[in-house]
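Coordinate inspection notes
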Amino acid sequence: MLNPNQLPELKLLFIFVSVVKNQGFANAQQELNLSTSAISTYMSQLENHIGIKLCTRGRGGFGLTLKGEMFYEQVLILFQELNRFTEKASQIKGELSGTINIGIIDSTITEPKFPVERIIERFSEKNPHVHIRLEIHSPYELQMGVLENKFDVAIGSFFNKMSGIIYHPLYKEQHWLFCSDKHPLFLQRQLSVGQITHENMVRRSYWSQHILAKHGYHSSSATVESMEAQLILILSGKYIGFLPEHYAQYWVEQKRLKVLLPSTFGYDAPFFLIVRRGRVKETVIREFKNAITHYQKS
């Protein structure tokens, strides 16, 4: 028989998880909106309640004890079950609640083919009690996040697909190779492939050597993590690089960017909604897919 007196307060468990996630009392202050002394007091209350020393801190930094690690794993399992309980209870009432964790690749806000803000608008109107957590990451991080259940769904272009993930096609994003008005190629009318491939090229960090070669290059002179960083380097006039058409449009209209040999270097990037295999029928995921379907039919 469950004895409520043996259970620690959920507040203490939430504080404990935040401390572990942020690797220390001081680092957890902002997330918890508590002082380090208050966090220390709450942690002591938790340790006294369960009779276990959970962590160490000092000159060596923050760390969990062996029993603290075991306890942390059980708390995470408890939180997962609590989330499921909250979802089921809301379904009984006829409403969806909890949190949906969405991952997306960067620089999609200007894509007219798939306005993500309208998808989220529709989802939120239908499910006003669901808390949305939206994060921007690289394609690899999005896929790993889906596999590890960090993200319920993710949207992006994925050159290398992973097992255990279902890929639902959404649309194709047009990419062109650009130089800026500060680059020597900008004013040249006749360009050859050889000229272009000898220029300094900026690549994305998640591109493999195979993908780089597929786009006509065997090496690069700079590496970036995001489209914004790539645009900055291209605008410097020292590099050329690929950008989505919709993202570069403003700079093209301002005559700051120029497309280089579109018949040779342009390519389409297919975008997908990805979900971990086995989770497709979960209510919150199904509702998000419904929001996408509603947009696509409208």
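Before reading on, note that the structure itself is shown above.
This one's a predicted model, so the numbers in the text were calculated from it and none came from an experiment. (Residues numbered from 1 in each chain as written. Predicted model: local features only at pLDDT ≥ 70, side-chain atom pairs only at ≥ 80, totals over all residues. Heavy atoms only, no water.)

In this section: the pattern of salt bridges. For the structure on display, the rule yields six salt bridges. Here Glu31 makes a salt bridge to Lys21, at a shortest N to O gap of 2.7 Å. With a gap of ten residues between them, Glu31 in helix H2 (residues 25-32) and Lys21 in helix H1 (residues 10-21) connect regions that are remote in the sequence. Judged by relative accessible area, Glu31 falls into the partly exposed class, the value being 43%. Taking relative accessible area as the criterion, Lys21 reaches 52% and is therefore assigned exposed. Linked by salt bridges that have partners in common, Arg133, Glu135 and Lys150 make up one network. (Salt bridge = Lys/Arg side-chain N within 4 Å of Asp/Glu carboxyl O. Helix = DSSP H or I, 4+ residues; strand = E, 2+ residues; numbered from the N terminus. Buried < 20%, exposed > 50% of the residue type's maximum accessible area, 1.4 Å probe, protein only.)

With that out of the way, let us pick up H1. Between the first and last C-alpha of H1 there are 16 Å, a value that for twelve residues agrees with the 16 Å anticipated at 1.5 Å per step. Within the span of H1, buried status applies to Leu12, Leu13, Ile15, Phe16, Val17, Ser18, Val19 and Val20. (Expected span 1.5 Å × (residues − 1).)

Attention now moves to helix H3 (residues 36-50). Given 3.6 residues per helical turn, the α-helix brings residues three or four places apart onto the same face. With 15 residues, H3 extends 21 Å between its outermost C-alpha atoms, agreeing within 8% with the 21 Å of an ideal straight helix rising 1.5 Å per residue. Within the span of H3, buried status applies to Ile39, Met43, Leu46 and Glu47. The buried side chains of H3 occupy one side of the element, clustering within an arc of 95° when seen end-on. Positive phi appears at Gly51, one or two residues downstream of H3, with a value of about 75°. (Arc of directions from axis to C-beta.)

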